[in-house]
Amino acid sequence: MILIKNAQIVNSIHDKLEKVDILIVDDKIEKIGKGIEENPNKMIVIDASDKYVMPSFTDIHCHLREPGFEYKEDIKSGSRSAAAGGFTTICCMPNTNPPIDNRAMVAYIKYRAKEVSPIEVFPVGAITKGFSGEELAEIGFMKEEGAIAISDDGKCVMNANIMRNALLYSKDFSIPVISHCEDTNLSEGGQINLGYVSTITGLRGIPREAESVIVARDILLAKETKAHLHITHVSTKESVRLIKMAKEWGVNVTADTCPHYISLTEEEVLGFNTNAKVNPPLRTQEDVEALIEGLKEGVIDCISTDHAPHHKDEKNVEFNLAASGTIGFETAFSVLFTYLVEKNGVELGKVVELLNQNPRKVIGLPPNVIREGQKANLVIVDLKKKWEVKEENIVSKSKNSVFLGKFLTSYVETVIYNGKILKKDGVLNC
Ligand code: DOR
Ligand code: ZN
């Protein structure tokens, strides 16, 4: 039994805040109320005075690297990193080796996750066989086996006819298509956003249209096929505008952006910091503002981390040769709190929706709610704590965080999944 005392629960923007106690028995929330009797011999008592309690988080886009790239991350280390950040449901991308592009691979990821992961892991299947962009993968079989979505993330499906067919099939099998929008004819050889910083540094730029022309294409394809298109890691203001238009048009489109796109700009790259090399690239302040506005308005539905671990040797090289990606699980909530709530006046309940209800809706999972009778999946956060992101505190196998050395406000202290304490007072025990 676990008793959380003096909890201020935030399920969504509609919650009114009052202090209550939460009693957890086995895997469920047994009781929520004032003055629940405490029995230290029978229960673990957690004092949450001055803290906030919210449903644990869901990430619909991350990279766990298993099989094939276990030197960067594996299902166990990635899941522990996710748990440390308050995530208890994550969806892992199929750009592994071999890729997750068939039924057996989906089964394998699920089996491994069951064996080693303290949290819930859903595999995302590939759109095309071997990420070739040429031949569709076995979408129906993958869905039957438990794939939650399909995506060739990391690569764009450049052939519009293949993408159209993928959308048609996905509709028949009721599975969303997660699109990595990047016209590779426009982005080829590019390292960072095309603009001021690419001019200063001499690094080859990626034009913003590389993203938005594919966003426009996929919206049009989704309109005609009536399939569910999900656009991931949106980074430009033009994409936000197109998605807004598509929604007004009645297209079945949803979208996410990542903590780094709503907090940082291309200027991070001025010192040739390879941890700031991500794909799509960090853009400009105007884009950051448009993305935040998009989140506020509901044009962008949710946040995903795009947790993309890479080994030191893949980042400690010349900028042109460095791998793209930043890890993201362990800083996600704190970045959102710092940059959305503190700096931009977004309500805390909105952040909870961006990390819980909304991503779950995108992939067809019921919301996680803190209510009597529900599974005990929750986090306790300290909203006042200021901390510096330091390599030695990172749980993930890889340390390539673009936030290293930055100070963030708020910290996920305690994480409970199905009544089990995965992290308590900042200490991970899973
Ligand atoms: O920066 C990125 N890294 N963007 C992607 O789309 C793929 C990811 C990876 O797999 O490393
Ligand atoms: Zn991607």
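The following refers to the structure shown. Keep in mind that what you see is a predicted model, and the values were worked out from it rather than measured.

### Some details on the overall build of the protein
Step number 1: Assigned secondary structure in the protein consists of 13 helices and 19 strands.
Step number 2: Whereas a compact globule of 430 residues would reach a radius of gyration of roughly 22 Å, the protein reaches 21 Å, a difference of no more than 12%.
Step number 3: With respect to the principal axes defined by its C-alpha atoms, the protein has extents near 65 × 50 × 45 Å.
Step number 4: Taken over 430 residues, the protein has a buried fraction of 62%.
Step number 5: Restricting to contacts in the protein with at least 6 residues of sequence separation, those with at least 24 account for 74%.
Step number 6: In the structure as shown, the protein presents an accessible area of about 16,900 Å², 48% of it carried by carbon and sulfur atoms.
Step number 7: A gap of 3 Å separates the mean positions of the 51 positive and 60 negative side-chain charges of the protein.

### Concerning helix H12 (residues 348–355)
Step number 1: Of all 8 residues in H12, 8 are buried, a share of seventy percent or more.
Step number 2: Burial in H12 covers these residues: Leu348, Gly349, Lys350, Val351, Val352, Glu353, Leu354 and Leu355.

### A word on the sheet that holds strand S8 (residues 120–125)
Step number 1: Strand order in the open sheet formed by 8 strands is S6-S7-S8-S9-S10-S13-S14-S15, and the pairing between neighbours is parallel. Strands at the two margins of the open sheet, each flanked by one partner only, are strand S6 (57–62) and strand S15 (302–303).
Step number 2: Note that strand S14 (residues 253–257) and S15 share 2 bridges and pair parallel. Considered in S15, the bridge of Asp256 is made with Cys302.
Step number 3: Contacts between helix H7 (residues 209–225) and the sheet are confined to strand S10 (177–179) and strand S13 (229–231), with S13 contributing the most and set at about 165° to the helix.

The rules behind these values
Residues numbered from 1 in each chain as written. Chains lettered and ligands numbered in written order. Predicted model: local features only at pLDDT ≥ 70, side-chain atom pairs only at ≥ 80, totals over all residues. Heavy atoms only, no water. Helix = DSSP H or I, 4+ residues; strand = E, 2+ residues; numbered from the N terminus. Rg over C-alpha atoms; globule rule 2.2 N^0.38 Å. Buried < 20%, exposed > 50% of the residue type's maximum accessible area, 1.4 Å probe, protein only. Contact = heavy atoms within 4.5 Å. Areas by Shrake-Rupley, 256 points an atom, 1.4 Å probe, with all protein chains shown as cover. Lys, Arg positive; Asp, Glu negative; His and termini not counted. Charge placed at Lys NZ, Arg CZ, Asp CG, Glu CD. Pairing = 2+ DSSP bridges. Axes fitted to C-alpha atoms, helices over the stretch in contact; angles between N-to-C directions.

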